[in-house]
Amino acid sequence: MSTYDLLRKFAPDASQIVRYVYFKSLARAEQELSPIKNKLLPLGEIGRGFFDAMRGVYVAAKEKDKTSFFMKLYRHGDPKEILKMAEKFKNEAFRSTADDYERGFLMCWEIMLRTLSSLKEEYPDYPLKDEQPQAPEAKSEEMFEVAPRKKAKEKSKNKNKNKE
């Protein structure tokens, strides 16, 4: 079995981590990482590289690192450009000078970028949905009026007069 085939069976795991991160379900992503790590580390350096790529995406999202490669693509990347990058990563993984760790790392990135591209096609507004401008708090306070207490008492006196 080739290295590519060996790691390909972990493609659903890598895709799922990206899905969890994309939809901001970081607790679920964190839960999944440990069992995946236990499956990948016995494969040696190639498995470690593959796992580190997944863990890196999770950590970047958890720490809200807007400067990280993944978060930049997550927030502003064009799906077609992301797909082109995935192809470049795949090609890099198979260059003769890549060692096992790098090969695993790049193969995982290829899978994760393909997943990210398809998610951005299907749910383009999701990454920035919680960053929509909100009404400033000062405005909301201005809109909330408190009637003076005297008026409320006068109304109740009028009600009592009407009852008599």
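You'll find the structure just up there.
Quick look at the structure, then.

Calculation rules
Residues numbered from 1 in each chain as written. Predicted model: local features only at pLDDT ≥ 70, side-chain atom pairs only at ≥ 80, totals over all residues. Heavy atoms only, no water. Axes fitted to C-alpha atoms, helices over the stretch in contact; angles between N-to-C directions. Helix = DSSP H or I, 4+ residues; strand = E, 2+ residues; numbered from the N terminus. Parallel < 35°, antiparallel > 145°, perpendicular 65-115°, else oblique. Left-handed = near helix turned anticlockwise from the far one by under 90°. Contact = heavy atoms within 4.5 Å. Nonpolar A, V, L, I, M, F, W, Y, C, P; charged D, E, K, R; others polar. Salt bridge = Lys/Arg side-chain N within 4 Å of Asp/Glu carboxyl O. Buried < 20%, exposed > 50% of the residue type's maximum accessible area, 1.4 Å probe, protein only.

1. Here's the deal with the packing of helix 5 (residues 69–76) against helix 7 (residues 100–122)
The N-to-C vectors of helix 5 and helix 7 enclose an angle of 20 degrees; their axes lie 10 Å apart at closest approach. Between helix 5 and helix 7, the crossing angle belongs to the class labelled roughly parallel. As helix 5 packs across helix 7, the resulting crossing turns out to be right-handed. Residues Phe-69, Phe-70, Leu-73, Tyr-74, Arg-75 and His-76 of helix 5 lie in contact with helix 7, whose contacting residues are Trp-109, Leu-113, Leu-116 and Lys-120. Considered class by class, the residues forming the contact of helix 5 with helix 7 number seven nonpolar, one polar and two charged.

2. A short note on the pattern of salt bridges
What the rule picks out here adds up to 11 salt bridges. Across the pair Arg-95 and Glu-102 runs a salt bridge whose closest N-O atoms are separated by 2.8 Å. The partly exposed category is assigned to Glu-102, whose relative accessible area is 27%. When salt bridges that share partners are traced, they join Glu-45, Arg-48, Asp-52 and Arg-55 into one network.

Remember that the coordinates give geometry; whether it matters functionally is a separate question.
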